[in-house]
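Read off the chains here:
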Amino acid sequence: MSRESPVADKPRPIGKDATGYEVITKAMRELLNQFPGLYENEVVRFEQIENDGDIGFSNDSGALVYAEKKDVLGYINQTCQYPFFLVYRTNTTKETGKLSAFDFVDTFGKWLCSEPVTIGGTDYKLADFPKLDGGRKIIRITRDNAYGQDPKEDGTQDWIIPITVQYTNEFELEP
């Protein structure tokens, strides 16, 4: 009897949505900066985290196409994903600080996935995903578990939550 690996059952990308990468990156940057848990003047940056308290996001695989259908009229419908990491840098060695960092990142992830969250005694829930250009539409945002990386020599520690934006891309082939 042969046993197949669970990895074999996972869908694999069949291509890249290069233009989608730019579109989704811009939309995610704008959405992330709307998180109600950010302090005034606090900004989530793309690919830039330097100091304690910085928040950023990073995508190292691009916008990926997982399925593609073409109809007889030349319309293409793609199912795509944009996986990224939300990263929060802290400088604490105490358990309470680490739990606070975990809670912040986890709450951020819940909010992105349209789950209800309570921040400072106020309830929030993301109502709508951003509108995208070029025939793209976000259909779902999912998250994995938040975790802390090993602390660096300078005492900083990055707290990370993997996020995946699932979206469709519809367009017509040029004749």
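Right, let's walk through the structure included here.

The next subject is the pattern of salt bridges. Inspection of every chain in the model, using the stated rule, returns 6 salt bridges. The salt bridge involving Lys110 is made with Asp106; its shortest N-O contact spans 3.4 Å. Residue Lys110 and its partner Asp106 are located together in helix α3 (residues 95–112), separated by 4 residues, close to a single helical turn. Looking at Asp106, the relative accessible area reads 11%, which means it is buried. Here Lys152 ties to Asp158 by a salt bridge, and the two come within 3.1 Å at their closest N and O atoms.

Tracing the sequence through the fold places Thr107 in helix α3. Given a relative accessible area of 11%, Thr107 falls into the buried group. Excluding residues that lie within four positions of it along the chain, Thr107 makes contacts with Phe35, Val117 and Ile119.

Let us look at α3. Since the α-helix advances by 3.6 residues per turn, residues separated by three or four positions end up pointing in the same direction. The end-to-end C-alpha distance of α3 is 26 Å, a good match for the 26 Å that 18 residues give at a rise of 1.5 Å each. Ser114 sits one or two positions beyond α3 and adopts a positive phi of about 65°.

Cut-offs used in this document
- Residues numbered from 1 in each chain as written.
- Predicted model: local features only at pLDDT ≥ 70, side-chain atom pairs only at ≥ 80, totals over all residues.
- Heavy atoms only, no water.
- Salt bridge = Lys/Arg side-chain N within 4 Å of Asp/Glu carboxyl O.
- Helix = DSSP H or I, 4+ residues; strand = E, 2+ residues; numbered from the N terminus.
- Buried < 20%, exposed > 50% of the residue type's maximum accessible area, 1.4 Å probe, protein only.
- Contact = heavy atoms within 4.5 Å.
- Expected span 1.5 Å × (residues − 1).

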